[in-house]
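Descriptive analysis of the structure
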Amino acid sequence: MKVTFKILLVAAAVVLAYMCYRSIMGPIEFNETKDMREELIKSRLIDIRKAQIEYKNRHKVHAANFDELIKFLKEKKLPFVIKEGVLTDEQLEKGMTEAEAVKKGLITRDTFWVIAKDTIFNPNYNVDSLRFVPTVADGVQFKMDTASITSASGYTIKVFEAGVPYETYLGDLDKQQVANLIDLAEKLERYPGLRVGSLTEVNNYAGNWE
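Note that this is a predicted model, so its numbers are computed, not measured.

**Side note on the pairing of strand S3 (residues 143–150)**
Two strands pair when backbone bridges link them, and S3 and strand S4 (residues 156–165) are joined in this way by eight bridges, in the antiparallel orientation. Looking at the pairing, Ile-149 lines up with Ile-157 of S4. Here S3 folds back onto S4 in antiparallel fashion, the turn holding five residues, of which Gly-154 has a positive phi close to 95 degrees.

Right under this line is the structure:
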């Protein structure tokens, strides 16, 4: 009986020690994993923003979906200017413009047309991956949408947003920790996840972490 009691006591101590360990390390490990995943997701959202801004510069509207955006990046050519020489202080003081300096052959400005992907990112950038949420399996895509809203001054402004909720990229982690994040976001009236842009306000395409 005494041996059995000692075994149960040791087992209880081990369980208690493990519970204490998890109560301390659980949140730390959760936050470490969350931060690692979010850095990758933020980087991808920033790339989406870059592509959408350039798309709007060319088409006056944002791409309605990733198919349109990726097609633009692969096929559209954008101007790329190679500059040689700059105006001197003396030329600037005389009021000479860059256009005049180019015309006189004092400086050169050559324009080349380059595929959008290579101009915005680099030749090795995989634009097909732009739609997918990093760290999440099964090809989960970002949610992206566009809209037109009226500013306080009465102007109609084209906006877009792209994002991914906590439960999508943290769903395999501690459920209570994820629920806490969602609950906090709802109480603060914030998007429960990571997002750039907004369909309801003009925020200059800012990320909700910026």
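**Topic: the pattern of salt bridges**
Within this structure, the stated rule accounts for eleven salt bridges. The residue Lys-74 makes a salt bridge to Asp-128 at a minimum N-O spacing of 2.8 Å. Pair noted here: Lys-74 is in helix H2 (residues 66–75) and Asp-128 is in the loop between helix H5 (116–120) and S3, with a separation of 54 residues, a long-range link. Classification of Lys-74 by relative accessible area gives partly exposed; the value is 40%. The class of Asp-128 is partly exposed, set by a relative accessible area of 37%. Note that Lys-117 is salt-bridged to Asp-118, the shortest N-O span being 2.8 Å. On the basis of relative accessible area, Lys-117 is assigned to the buried category, the value being 13%. For Asp-118, a relative accessible area of 28% translates into the label partly exposed.

**Describing a nonpolar patch on the surface**
Side chains of Phe-80, Ile-82 and Phe-112 sit close together on the surface and give an oily, nonpolar patch of about 270 Å² of accessible area. Considering the arrangement of structural elements, one finds Ile-82 in strand S1 (residues 77–84). By relative accessible area, Ile-82 is classed as partly exposed at 36%.

**Focus: the pairing of strand S5 (residues 193–197)**
Within S5, five of the five residues are buried, which leaves the element mostly enclosed by the surrounding structure. Of the pairings in the sheet, the one linking S4 to S5 comprises five bridges and is antiparallel in character. In the strand pairing of S5, Gly-163 is matched with Arg-195.

**Observations concerning the environment of Lys-143**
Mapping Lys-143 onto the fold places it in strand S3. Taking the C-alpha atoms as reference, Lys-143 lies 9.2 Å from Asn-65; in sequence the two are 78 residues apart. Apart from residues no more than four positions distant in its own chain, Lys-143 is found in contact with Glu-161, Ala-162, Gly-163 and Pro-165.

**Notes on unusual backbone geometry**
Negative phi is the rule for most residues except glycine; trans is the rule for most peptide bonds. Of note in this structure, Glu-189 is not a glycine but carries a positive phi near 60 degrees. Considering the arrangement of structural elements, one finds Glu-189 in the loop between helix H7 (175–187) and S5. With a phi angle near 65 degrees, Tyr-205 is a residue other than glycine that sits in the positive phi range. By secondary structure assignment, the location of Tyr-205 is in the segment after S5. Here Tyr-205 falls in the buried class, since its relative accessible area comes to 16%.

**Details of the sheet that holds S3**
Within a sheet, each strand pairs with its neighbour through backbone hydrogen bonds, oriented either parallel or antiparallel. Judged by pairing direction, the sheet is antiparallel, and its three strands sit side by side in the order S3-S4-S5 without closing on themselves. The open sheet has two edge strands, S3 and S5, and neither has a second partner. Taken over all neighbouring pairs, the strand axes of this sheet differ in orientation by 25 degrees on average, direction set aside.

**Considerations on the environment of Lys-42**
Considering the arrangement of structural elements, one finds Lys-42 in helix H1 (residues 2–59). By relative accessible area, Lys-42 is classed as buried at 17%. What Lys-42 contacts, discounting residues up to four positions off in sequence, is Leu-194 and Trp-209.

**A word on H2**
Taken residue by residue, H2 has Phe-66, Leu-69, Ile-70, Phe-72 and Leu-73 as its buried positions. End-on, the buried residues of H2 take up no more than an arc of 155 degrees, which puts them together on one face. Within H2, the exposed residues directed more than 90 degrees away from the buried face are Asp-67 and Glu-75. A side-chain oxygen of the first residue of H2 lies 3.1 Å from the backbone nitrogen of Asp-67; this N-cap is Asn-65.

Cut-offs used in this document
- Residues numbered from 1 in each chain as written.
- Predicted model: local features only at pLDDT ≥ 70, side-chain atom pairs only at ≥ 80, totals over all residues.
- Heavy atoms only, no water.
- Pairing = 2+ DSSP bridges.
- Helix = DSSP H or I, 4+ residues; strand = E, 2+ residues; numbered from the N terminus.
- Salt bridge = Lys/Arg side-chain N within 4 Å of Asp/Glu carboxyl O.
- Buried < 20%, exposed > 50% of the residue type's maximum accessible area, 1.4 Å probe, protein only.
- Patch = residues over 30% accessible without salt bridge, like charges linked within 9 Å, V, L, I, M, F, W, Y side chains within 5 Å.
- Areas by Shrake-Rupley, 256 points an atom, 1.4 Å probe, with all protein chains shown as cover.
- Contact = heavy atoms within 4.5 Å.
- Axes fitted to C-alpha atoms, helices over the stretch in contact; angles between N-to-C directions.
- Arc of directions from axis to C-beta.
- Polar contact = N/O pair within 3.5 Å; in protein donor to acceptor, adjacent residues only side chain to side chain.

Just distances and angles here, no functional claims.
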